[in-house]
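# Coordinate inspection notes
Spelled out from the first residue to the last, the chains are:
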Amino acid sequence: MHFFKTRNLIRKSAIIKGKIVDLKMERIGVGASRIETFIPIIEYIDENDSSIKIFKSNYRFPEGKYSIGDMLEIWYYSDGDETELMINNWFTKWVGIIFSVIGFSILIIGGICFFFYN
């Protein structure tokens, strides 16, 4: 689940600085309801070997949320073989928790309705 992955990443990570070097535009939705979203491409310094690396965010944001050149805080974890990164902001930390709670609530309500009406 996204919630547990996010929580584990935050627990074992350090916060580093990164700079947005590009914004990749993607359209999501169908037909007239399509909207443009932007995926930040972030440059950071890898703490293992001090090299400059590029990270493509796993999250899309609306236009205007970020601009090229913006500095961001990034949750950074590396064990030498694998590196995990995540933008440090409210949305990326809490969206998994919010949707997990909503999904769990729907599951419980559905189970109660099934129990009482069948």
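Residues numbered from 1 in each chain as written. Predicted model: local features only at pLDDT ≥ 70, side-chain atom pairs only at ≥ 80, totals over all residues. Heavy atoms only, no water.

Pairing between strand β1 (residues 14–28) and strand β5 (residues 71–78): six bridges, direction antiparallel. Its bridge partner being in β5, K17 is matched across the sheet by E73. What sits between β1 and strand β2 (residues 35–45) in their antiparallel hairpin is a turn of six residues, with G29 showing a positive phi close to 105 degrees. (Pairing = 2+ DSSP bridges. Helix = DSSP H or I, 4+ residues; strand = E, 2+ residues; numbered from the N terminus.)

Further remarks concern unusual backbone geometry. Positive phi values are uncommon outside glycine, yet S50 reaches one of about 60 degrees. Summarising the element assignment, S50 is placed in the loop between β2 and β3 (52–56).

So, about the confidence of the model for the chain. Summing up the model confidence of the chain, the mean pLDDT is 80 and the portion of residues at 70 or higher is 80%. The weakest mean pLDDT in the chain belongs to helix α1 (residues 2–12) at 60; the strongest belongs to β2 at 91. (pLDDT = per-residue confidence, 0-100.)

Core analysis: the biggest nonpolar cluster contains 15 residues, and I42, Y44 and I87 have the highest contact counts within it. Elements that contribute at least two residues to this core include exactly β1, β2, β5 and β6 (83–87). (Core = buried A, V, L, I, M, F, W, Y, C linked by side-chain atoms within 4.5 Å. Buried < 20%, exposed > 50% of the residue type's maximum accessible area, 1.4 Å probe, protein only.)

With that out of the way, let us pick up the side chain of D46. Inspection of the secondary structure assignment puts D46 in the loop between β2 and β3. Looking at D46, its side chain comes within polar contact range of the side chain of Y76, at 2.8 Å. Contact partners of D46, with chain neighbours within four places excluded, come to S51, K53, Y76 and T83. (Polar contact = N/O pair within 3.5 Å; in protein donor to acceptor, adjacent residues only side chain to side chain. Contact = heavy atoms within 4.5 Å.)

What follows concerns the pattern of salt bridges. For the structure on display, the rule yields five salt bridges. As a salt-bridge pair, K24 and E26 come within 3.3 Å of each other at their nearest N and O atoms. Between D46 and K53 there is a salt bridge, and its shortest N-O distance comes to 3.1 Å. For D46, a relative accessible area of 2% puts it in the buried group. With a relative accessible area of 30%, K53 lands in the partly exposed category. What you see here is one network of salt bridges that share partners, running through K24, E26 and R60. (Salt bridge = Lys/Arg side-chain N within 4 Å of Asp/Glu carboxyl O.)

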